[in-house]
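Here is what each chain is made of, one letter per residue.
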Amino acid sequence: MYSGLVHAHSGLRWVALILLVAAVATAFGRWQSRNAFTESNRKLYLFTLIAVHTQLLIGLVLYFISPKVDFGMMSDKLYRFYTVEHLVGMLIAIALVTVGYSRSKRLTDAADKHKAVAIFMGIGLLIILASIPWPFRIPGAGWF
Ligand code: HEM
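Definitions and limits used
- Residues numbered from 1 in each chain as written.
- Predicted model: local features only at pLDDT ≥ 70, side-chain atom pairs only at ≥ 80, totals over all residues.
- Heavy atoms only, no water.
- Helix = DSSP H or I, 4+ residues; strand = E, 2+ residues; numbered from the N terminus.
- Buried < 20%, exposed > 50% of the residue type's maximum accessible area, 1.4 Å probe, protein only.
- Contact = heavy atoms within 4.5 Å.
- Areas by Shrake-Rupley, 256 points an atom, 1.4 Å probe, with all protein chains shown as cover.
- Lys, Arg positive; Asp, Glu negative; His and termini not counted.
- Charge placed at Lys NZ, Arg CZ, Asp CG, Glu CD.
- Donors = N, O, S within 2.8 Å, 3.2 Å for Na, K, Ca; no water.
- Tetrahedral: all angles 85-135°; square planar, octahedral: opposite > 155°, others 65-115°.
- UniProt positions renumbered as here; feature names shortened; annotations may be inferred.
- Core = buried A, V, L, I, M, F, W, Y, C linked by side-chain atoms within 4.5 Å.
- Salt bridge = Lys/Arg side-chain N within 4 Å of Asp/Glu carboxyl O.

Moving on, we come to the overall build of the chain. If you tally the helices and strands in the chain, you get four helices and zero strands. Going through the 144 residues of the chain one by one, you find that 38% of them count as buried. Within the chain, residue pairs in contact and separated by at least 24 positions form 71% of the contacts whose partners lie at least 6 positions apart. Surface accessibility of the chain: about 8000 Å² in total, with carbon and sulfur atoms responsible for 71%. A gap of 6 Å separates the mean positions of the 14 positive and 6 negative side-chain charges of the chain.

Structure, rendered in structure tokens:
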């Protein structure tokens, strides 16, 4: 089960990243050109939220079973990354993505709705990019 979850969590990063880039680009463009808020925009923003929350769920399970999470090994860069940095960065980012989605849902003006997604999901995307264990940064991490 552990290996399956790591593969799912690792591969799903690409789904989450593609959806986040599409959502932020769409939201930014439609905010700037004051375009309408369409049903397909709503679906794109919703699927982005779902992808990121799915990562949160799998990540939470991994946090309790992964050998790379160990509070007794905090002097080691690799353990510190998974035990603290990856967790904290991703929790902040996922909170921002969630705030962007729910603010946008509450607002009524189309430009304001897109603006909330563009800003909150945009900052969330940057934090996610910085918190992913990329193979060139974290030994043993994979691309998929
Ligand atoms: C959008 C959010 C997230 C993304 C894109 C993401 C992405 C990744 C990636 C790419 C890996 C490396 C897998 C590999 O070695 O190939 C990983 C590992 C891990 N993630 Fe996340 N993650 C996210 C959120 C979280 C959260 C919120 C938690 C904890 C609550 C978490 C816990 C972990 C743990 C414990 C590992 C190490 C698994 C292992 O190799 O033993 N992740 N994550």
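What follows covers the coordination of the iron atom of the ligand. Around the iron atom of the ligand, the protein supplies H9 (NE2) and H86 (NE2) as donor atoms, at distances of 2.0 Å. Around the iron atom of the ligand, the six donor atoms are arranged such that angles at the metal cover 83 to 179°; this shape is classified as octahedral. Separated by 77 residues along the polypeptide, H9 in helix 1 (residues 2–32) and H86 in helix 3 (residues 77–106) bring together distant segments of the chain. Residue H9 shares its accessibility class with H86, and that shared class is buried.

Take the environment of L87 next. Within the secondary structure layout, L87 lies in helix 3. Setting aside anything within four residues of it in sequence, one finds L87 in contact with Y63 and Y82.

Here the focus is the side chain of S10. By the secondary structure assignment, S10 is in helix 1. Those residues in contact with S10 that lie beyond four places of it in its chain are G142 and F144.

Before going further, it helps to examine the UniProt feature "transmembrane region" (unreviewed entry) in the chain. Summarizing the sequence annotation, UniProt attributes the feature "transmembrane region" (unreviewed entry) to residues 12–32, 44–66, 86–104 and 116–136 in the numbering used throughout. Along residues 44–66, the helical share is 96% and the strand share 0%, with 32 Å between the first and last C-alpha atoms. As annotated, residues 116–136 has a helix share of 76% and a strand share of 0%, and its two end C-alpha atoms lie 33 Å apart.

Counting 23 residues, the largest nonpolar core has L20, Y45, M121 and I128 as the members making the most contacts within it. If we ignore the near neighbours within four places in the chain, the residues touching L20 are T48, V52, V97, M121, L125 and I128. Residues F81, Y82, I138 and A141 belong to the second largest nonpolar core, which totals six residues.

Below, the discussion takes up unusual backbone geometry. Phi is positive for R34, close to 50°, though the residue is something other than glycine. You can see R34 is positioned in the loop between helix 1 and helix 2 (39–65). Given a relative accessible area of 58%, R34 falls into the exposed group.

Per the counting criterion, the structure on display carries three salt bridges. The salt bridge partner of R42 is E39, with a shortest N-O separation of 2.9 Å. Here the residue R42 and the residue E39 both occupy positions in helix 2, the gap between them amounting to three residues, near one helical turn. Among the ionic pairs, E85 bridges to R80, the shortest N-O distance being 3.7 Å.

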